[in-house]
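Examining the three-dimensional arrangement
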Amino acid sequence: MSYLKTLSVALIPCVTFTGGLYIGKYYSYNEASISLLGKEIPMESLELMVETIEDNFYTHDVPEAKDMEYSLIGGLVGALGDPHTSFFPPQELEDFEVAVNGEFFGIGAEL
């Protein structure tokens, strides 16, 4: 009886762990998505694009992560098709606010 008890103590956690891995892998591969304006946007294409870039893109001038992030956000906002909705990265926003608020630096001379 001791042999069966030892075997079951060793076997049950192994079977449970293996079953959990299988079930987790099977059920967790639902397509990741984000919800925007009541619509689900699948992330599969974005993940595939990132993989393709990682595998095939070669250059010495890799853009900064923030630049890529701002480009993604700008593309998403641009896809809305609303001429009154825009995205400005921080530096462009600062320049825009200066232009709109009429704050000027320097002597203000124009050529």
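Residues numbered from 1 in each chain as written. Predicted model: local features only at pLDDT ≥ 70, side-chain atom pairs only at ≥ 80, totals over all residues. Heavy atoms only, no water.

Turning our attention to the pairing of strand β1 (residues 33–36). Pairing between β1 and strand β2 (residues 39–42): four bridges, direction antiparallel. Paired with Ile34 across the bridge in β2 is Ile41. From the end of β1 to the start of β2, which pair antiparallel, there are two residues, and Leu37 there has a positive phi angle of about 55 degrees. (Pairing = 2+ DSSP bridges. Helix = DSSP H or I, 4+ residues; strand = E, 2+ residues; numbered from the N terminus.)

The next thing to look at is the pattern of salt bridges. Evaluation of the coordinates by the stated rule reveals one salt bridge. Close ionic contact of Glu69 with Lys66 constitutes a salt bridge, the shortest N to O distance being 3.0 Å. A residue pair is termed a helical-turn pair when its members lie 3 or 4 positions apart in one helix, as Glu69 and Lys66 do in helix α3 (residues 65–78) at three residues. Look at Lys66 and you get partly exposed, because its relative accessible area is 47%. (Salt bridge = Lys/Arg side-chain N within 4 Å of Asp/Glu carboxyl O. Buried < 20%, exposed > 50% of the residue type's maximum accessible area, 1.4 Å probe, protein only.)

The next subject is unusual backbone geometry. Its identity is not glycine, yet Leu37 carries a phi of approximately 55 degrees, on the positive side. For Leu37, the position within the fold is in the loop between β1 and β2. Here Leu37 falls in the exposed class, since its relative accessible area comes to 70%.

What follows covers the confidence of the model for the protein. Here the protein averages 79 in pLDDT, and 69% of its residues register 70 or above. Averaged pLDDT values for the elements of the protein fall to 66 in helix α1 (residues 2–28) and rise to 90 in α3. (pLDDT = per-residue confidence, 0-100.)

For the rest of this paragraph, the subject is a nonpolar patch on the surface. Where nonpolar side chains cluster on the molecular surface, the patch consists of Met49, Val50, Ile53, Phe57, Val62, Met68 and Leu72 and spans about 630 Å² of accessible area. Elements supplying a minimum of two residues to the nonpolar patch: α2 (44–56) and α3. When residues of the nonpolar patch are assigned to their parent elements, the largest contribution, three residues, is made by α2. Take Leu72: it is sitting in helix α3. (Patch = residues over 30% accessible without salt bridge, like charges linked within 9 Å, V, L, I, M, F, W, Y side chains within 5 Å. Areas by Shrake-Rupley, 256 points an atom, 1.4 Å probe, with all protein chains shown as cover.)

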